Amino acid sequence: MTERRAGTMRTKIQEAAAVAQAVQKPAAKFFGVGNAGVSLLEAINREEFAGAGFVAVNTDAASLAGSTVALKIHLETKLLRGLGTGGDPERGHALAEEQFATLKAACEGSDVIFVIVGLGGGAGSGITPVLARAAKETGALVLAFVTLPFVCEGNRRQQQAQQSLEQLKSVADGVICLPCQKTFKLMDENTGVLDTFRITGELLVEGVRGVWRLLTRPGLIQIHFDDLCALVRDRHAESVFATVEASGPARSREVVEKLLNHQLLDEGRALAESDAVLVSLAGGKDLTMAEVDRVMEQISRHCERAQVIMGAAVDEAMKSRLAVTVIASRRNPDAKFQAPGGAPESLERADASASRNPERRLAAATHGDNTSQPAFTMAQREQVLARHASGRARKASAKLRQAQLPLAIISKGRFDKSEPTIHKGEDLDIPTYIRRGVALN
Amino acid sequence: MFDDPSIIVGLEIGTSKVCAVIGELGADGALNIIGLGQARSRGVRKGEVADTTQAEEDVRNAIVEAEQMADVEIRNVYLGVTGGHIRGFNNRGVHPVVSADREISGDDVQDVIKNAKAINLPAENSVVHAVRQHFFVDGQDGVTNPVGMLGSRLEVDMHVVHGNRNRLQNAIRLVKGLQLEVDEIVFNGLASSLALLTSEQKELGALVIDIGGGTTNYAVYAGGVIRHTGVLAVGGDHVSNDLAYGLKVPLSRAEKLKLEHGSALLDEKIKGQTITITNELGLPLKTVNVEHLQRIMSLRLEEIFQLVAQDLEQAGLTDYLRAGAFLCGGGARVPQVAKLAEQVLQMPVSLGQTNSVSGLKSALDQPEFVTAIGLVKFGSLKTRKREGKTSLARGLKGVFGKFLQRP
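Each value, and the rule that gives it
Residues numbered from 1 in each chain as written. Chains lettered and ligands numbered in written order. Predicted model: local features only at pLDDT ≥ 70, side-chain atom pairs only at ≥ 80, totals over all residues. Pairing = 2+ DSSP bridges. Helix = DSSP H or I, 4+ residues; strand = E, 2+ residues; numbered from the N terminus. Axes fitted to C-alpha atoms, helices over the stretch in contact; angles between N-to-C directions. Contact = placed C-beta atoms within 7 Å. Core = buried A, V, L, I, M, F, W, Y, C linked by C-beta atoms within 7 Å. Buried ≥ 20, exposed ≤ 12 C-beta atoms within 10 Å, placed from the backbone. pLDDT = per-residue confidence, 0-100. Expected span 1.5 Å × (residues − 1). Nonpolar A, V, L, I, M, F, W, Y, C, P; charged D, E, K, R; others polar.

(A) Looking closely at the sheet that holds strand β10 (residues 153-164) of chain B. Residues and elements named next belong to chain B. Across the sheet, which stays open at both edges, the 4 strands sit in the order β7-β10-β8-β9 with antiparallel pairing between neighbours. Looking at strand neighbours, the two that pair on one side only are β7 (87-96) and β9 (140-143), the edges of this open sheet. Averaged over all pairs of adjacent strands, the angle between strand axes in this sheet comes to 40 degrees, irrespective of strand direction. In this sheet, β10 lies alongside β7 in antiparallel orientation, the contact comprising 10 bridges. Residue Val94 lies in a different strand from β10, and its bridge partner there is Glu155. Lying on the sheet, helix α2 (residues 106-117) is in contact with β7, β8 (125-137) and β10; it crosses β7 at an angle near 140 degrees. Against the sheet, helix α3 (residues 165-176) contacts β8 and β10, and its axis sits at roughly 65 degrees relative to β10.

This is the structure we're talking about:
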């Protein structure tokens, strides 16, 4: 009798859980763009992410052929002769503009769109900003996970990646960045080339997994989809992330230590500078509230000025391990200068002018001898953008450049050569007013 | 006159100045300051020697000046040390009382202190001070002398100050290179608190913050014993550097502006006020906004106090400081600094006054000399203790022994 009642109770609870999950679980789609994006998407297209849609977007037919995802979008015109963009984002950009409607249709019907891309190449850097804009127009939350190229890949790719990142930041809700160069420090010297790329990919996938877990796994403390929206929507922020794992009795202390020494978080400095921090904890069934509390207390102490949202999830597969994913985002310094929609508009105009005559531009790009063409420098690109846009857009781009000033290295004057005074990730030798962002005028 | 045990010298090799203070211990135990020498320091950054040659010269100048003023020859000094590598923490030692009648003997006390001193320090660190706090007998708190008491378990709390051995040795070697003996090294924060606090204040609970040129040292007393010490490698130099950076003036000019127009809190009157900087010919070079100057300065000083307050909170000492906080060091000269500290620390703050020392009025009133005077005071306490221990016979032996040792 009691057993039966218990049985019915359980089914009811399960039903309720199912209903709740159906309500809470947002429809998500993963887009892999460019060669790197498509192959990273392969790594994500697993059981763990069941329930999400997958779309591969590329200009290179060979790469798409190797992909196992259901929906593939091949951006192609005759002019490219199926050879890809040849590392020129202008072509990728023009192609994406041409097929804007297709991209938008693919984005339709999801609440959150993850764009996974390796910036620096032609397809990834060119298509992604357009795709993000298309996704944004459907009303979805757009989170981009991007890798920036290794320094050894050359200056040009760096510049392309940077430019694309700037554009992406102004359209996507959040951009989570993984500079490959920093991952070097996480590996030992003898790591092979293939392994290096694999590890970098895995790192990015880890970040995706952290956010995914946050949204879908039954939580001790659940982060609702709207929390995430409220945190990232229209922030146009650049974020860094780190995932660490530990097991054993001291695991809560260990994860915090690992986090604070993490290369990707600049040894904890990124936390101190961030203004929004998202923490996702995942542990086995033995995850205790006290552990969650301990980790959170330590983390929030290091980012006093930030808005912190956290979620803790139980995943049986974790067993006795504890994994913490931290995404720290710093508000885009340009965002507050620009009138709402200022930068996207300027981009749109530039895009529009490009899309008006995509054929011509493409033709010029394809027929012109690529090698003899001097590589565009950053400034030249901005000039091109500004020329296409109206006066207002020019103003915006001028401000854009000005707002980058704080990124310049601050001279520490007389303490330049002495041992730096680091206190909880802050360099105390840098004037206080600069670290606190107090304006003098 | 040589090796007169009543002459005690404190030497502080600071970031902004080197300072030697000579004290004379009277027969009645009263300490009298009879000499003071100082020199601008050029070879020190953040409290630690960065240029040995220059620092050596500065130390020599300060010592010579003090010697001339007091008309004594300096052989031994108590040397003040500081730097970002110095840490303080509390450690507890435990010792079971094994004697049949459970009476605690002097040996038990020695043993428990030895246990408390056995601490796991990083291999490159060494202990600067190990100061006894209170004894516990069977968990009973607040015992100051347990000898003769009955109990089965004796514990003692120690406050241990330690630092990087090589970096401590740098200062010691420098002094030894000048043919001076170092009696003992003393943490500057401890020395300052010795000079400023009365035993009543130590009992009530007090915080001493010494804002020096390169470092800020602080020490907390509560219940009559030292409870906490700390160093922040941030000081007046940082204020000058911030000003030089923020106002875009040379460092020497920033230093001057800081002294002439600085304030820890923003003055209402100065809004929009500017200062014109002129070159040596009297031609105007640049105008500086006083409001900016004071804001940069105020933010830096505020941060220093905030960091100290955070540290104290972490140590759980904020509620024990009933006598309030006392400021010293060059930073205490900044106008309104006590008011700012009051706002941040949420407790009464006043500028420290050296007490229980007499002598040169000019030295006693200056906040910069507090540490050096504290070093002398530390020396006097040590000497007194030593004298108390020596019986007549041992004393004589000691005198002859010393006599024979000297070539």
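(B) Quick look at the nonpolar core. Counting 103 residues, the largest nonpolar core has Ala20, Val21, Val208, Leu327 and Ile373 of chain B as the members making the most contacts within it. By residue number, the principal contributor to this core is helix α8 (residues 290-315) of chain B, which donates 11 residues. Residue contacts for Val208 of chain B: discarding those within four places in its chain leaves Ser192, Ser193, Leu196, Leu197, Tyr218, Ala219, Phe326, Cys328 and Gly352 of chain B. Formed by 95 residues, the second largest nonpolar core is a distinct cluster that contains Ala140, Leu148, Leu204 and Ala306 of chain A.

(C) Structural view of the confidence of the model for chain A. Mean pLDDT over chain A: 70, with 68% of residues reaching 70 or higher. Within the model, pLDDT remains below 50 along residues 384-404 of chain A, and this stretch shows 27 contacts once partners closer than five positions in the same chain are excluded.

(D) How the structure looks around helix α6 (residues 236-247) of chain B. Residues and elements named next belong to chain B. Compared with an ideal rise of 1.5 Å per residue, which puts 12 residues at 16 Å, α6 spans 16 Å between its outermost C-alpha atoms and is within 8% of the ideal. Taken across its 12 residues, α6 has 11 buried, putting it largely inside the fold. For α6, every residue scored as buried is listed here: Gly236, Asp237, His238, Val239, Ser240, Asn241, Asp242, Leu243, Ala244, Tyr245 and Gly246. Just beyond α6, the residue with positive phi is Lys248, at close to 55 degrees.

(E) A look at the interface of chain A and chain B. Contacts between chain A and chain B engage 14 residues on the former and 21 residues on the latter. For the side of chain A that touches chain B, the per-class residue count stands at 6 nonpolar, 5 polar and 3 charged.

(F) Up close: unusual backbone geometry. Residues and elements named next belong to chain B. The phi torsion at Lys46 lies on the positive side, around 50 degrees, for a residue other than glycine. By the element assignment, Lys46 lies in the loop between β4 (44-45) and β5 (48-49). Look at Arg102: it is not a glycine, yet its phi comes out positive at around 60 degrees. By C-beta crowding, Arg102 is classed as partly exposed, having 13 other C-beta atoms within 10 Å.

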